Amino acid sequence: MSGSTPTYEWDSQMYRLAVGQLDAAALRMGLDENVWERLRHPQRAQIVSFPFRRDDYQTVDTLVGYRVQHLLTMGPTKGGIRYAADVNLGEVTALAIWMTWKCSLMNLPFGGAKGGVCIDPGTLSKSELQRITRRYTSEIIEVIGPDRDIPAPDLGTDEQVMSWIMDTYSQQKGHAIPGVVTGKPIELGGSLGRAEATGRGVLACVVEACRHLSLPLEGARVVVQGYGNVGGAAARIAKSLGARVIAVSDAKGGIVDTNGLDLAKVDAWVREHRFLTGFPGADAVDNAEILELPCEILIPAAVQNQITERNAGRIACRVLAEGANGPTTLEADAILDERGIFVVPDILANAGGVTVSYFEWLKNLSHVRFGRMGKKFEEMTARGMVSALESATGKPLSEAQRSLLIRGADEEDLVNSGLEETMSSALGQIREVHRQNPKIPDMRTAAFVCAIEKIGQSYLELGIFP
């Protein structure tokens, strides 16, 4: 693409990384330049400011929130809402762009979106958090909805925040609308398996990568940077599959035990002390050092820009599965590829959350619950479930999965089975594109090519209005 790139309001280091990844793939696949240029920008970006009254009823702050929708042509948009002190328009725009690629890669009928409020949730009481959430929802209420834009939890938000968003939206519309958000509590139409879906998706990719590399998962050393919702779930599932989790970290630092950590004790310590610091029986390690520990599987599940050209040469793993968004820079990608490290890129590895959100959204729209049902109703619903899951995976379900549906299996069985099949299928597709095309240097570029190809074709078919 010729010409210089102007500076936009959403320009930031994170946005430039997202666009740089797009550019690398678009150049190698020969993407139409007009489509290429269009995909570099969000279609809609909303900035809101609103008053926030503290619990003392005297202090009133002004907060800034965002909702960015990158692509409106593939269906309603989908993406999380994060509360963090460093949230800004550039970060939210980059995350919305990555969500577009995830949805395309997973064959989901969504475009990418993201939102956030610039606030540290750790400083808020529950009542303050609720007031912020309800006011933010009212500010963006005209651009969200089950057929427009469906938020979900992200950094600093959870199912309680989603409950408040659903209630605020429903109050304004005059009736309950559970499909406006995903990641809700089960009692409000949420999905079993949603909370650990992103971590489970990471491990589904790890299992497939190990199979491809003939690398035994049993006894494999696993290192996780970011022992939160995603990293914690990934670590626990890895351990249940026989791997040895030797190190984990959080915002304050990490712990390492080469014999393997007792994650039940680690979880108990975190519940009592909040952070890993001081955990007995393990050595301390910081968040930079933990990435360089010798291991078979490394899962960066914290924040962006953790693996750069400065430390990529010291990464000592066989498989790098990106649980976080944008943890690896473009310069580091080239070094990792040259060293033969198998990278499962973020737009695939952490797409488990949006995949299970799709299942939850389908459930809310159809007003059914998955699981054991009456016999006649079960027969009617099974056909619809088979169709939905086959659409998500892009191929027919296995006999085992069909059997789960027909006999009315537990919802969590259905969700986990559909998720794991979707993730492994997508990784196989990316690996095949990488293998067949010598112009594609690494797995990340292959993932972007797979995701962008479908979207680019849809743009050409739709044309330009007017």
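### What about the overall build of the chain?
Okay, so step 1: Counting its regular elements, the chain contains 15 helices and 12 strands.
Okay, so step 2: Evaluated residue by residue, the chain yields a buried proportion of 57% over its 466 residues.
Okay, so step 3: Restricting to contacts in the chain with at least 6 residues of sequence separation, those with at least 24 account for 69%.
Okay, so step 4: For the chain, the exposed surface amounts to about 19,600 Å²; the carbon and sulfur share of it is 50%.

### A look at the packing of aromatic side chains
Okay, so step 1: In total, this model carries seven aromatic pairs according to the counting rule given.
Okay, so step 2: Here the aromatic rings of Tyr-358 and Phe-359 are separated by 6.0 Å at their centres, their planes lie at 45 degrees, and the arrangement is tilted. Here the two residues Tyr-358 and Phe-359 agree in accessibility, since each one is buried.
Okay, so step 3: Following the ring pairs from residue to residue traces out a cluster consisting of Phe-110, Tyr-358, Phe-359 and Trp-361.
Okay, so step 4: If you follow Arg-53 out to its NZ or CZ, it ends over the ring of Tyr-57, 4.1 Å from the centre.
Okay, so step 5: Across the ring face of Phe-275, the terminal group of Lys-252 is positioned such that the distance to the ring centre comes to 5.2 Å.

### Observations concerning the side chain of Thr-422
Okay, so step 1: Secondary-structure assignment places Thr-422 in helix α14 (residues 411-436).
Okay, so step 2: Take Thr-422: its relative accessible area is 2%, and that puts it in the buried class.
Okay, so step 3: At a separation of 2.7 Å, a polar atom in the side chain of Thr-422 contacts the main-chain carbonyl oxygen of Gly-418.

The rules behind these values
- Residues numbered from 1 in each chain as written.
- Predicted model: local features only at pLDDT ≥ 70, side-chain atom pairs only at ≥ 80, totals over all residues.
- Heavy atoms only, no water.
- Helix = DSSP H or I, 4+ residues; strand = E, 2+ residues; numbered from the N terminus.
- Buried < 20%, exposed > 50% of the residue type's maximum accessible area, 1.4 Å probe, protein only.
- Contact = heavy atoms within 4.5 Å.
- Areas by Shrake-Rupley, 256 points an atom, 1.4 Å probe, with all protein chains shown as cover.
- Phe/Tyr/Trp six-rings, centres within 6.5 Å; stacked < 30°, edge-to-face > 60°.
- Lys NZ or Arg CZ within 6 Å of the ring centre and 35° of its normal.
- Polar contact = N/O pair within 3.5 Å; in protein donor to acceptor, adjacent residues only side chain to side chain.

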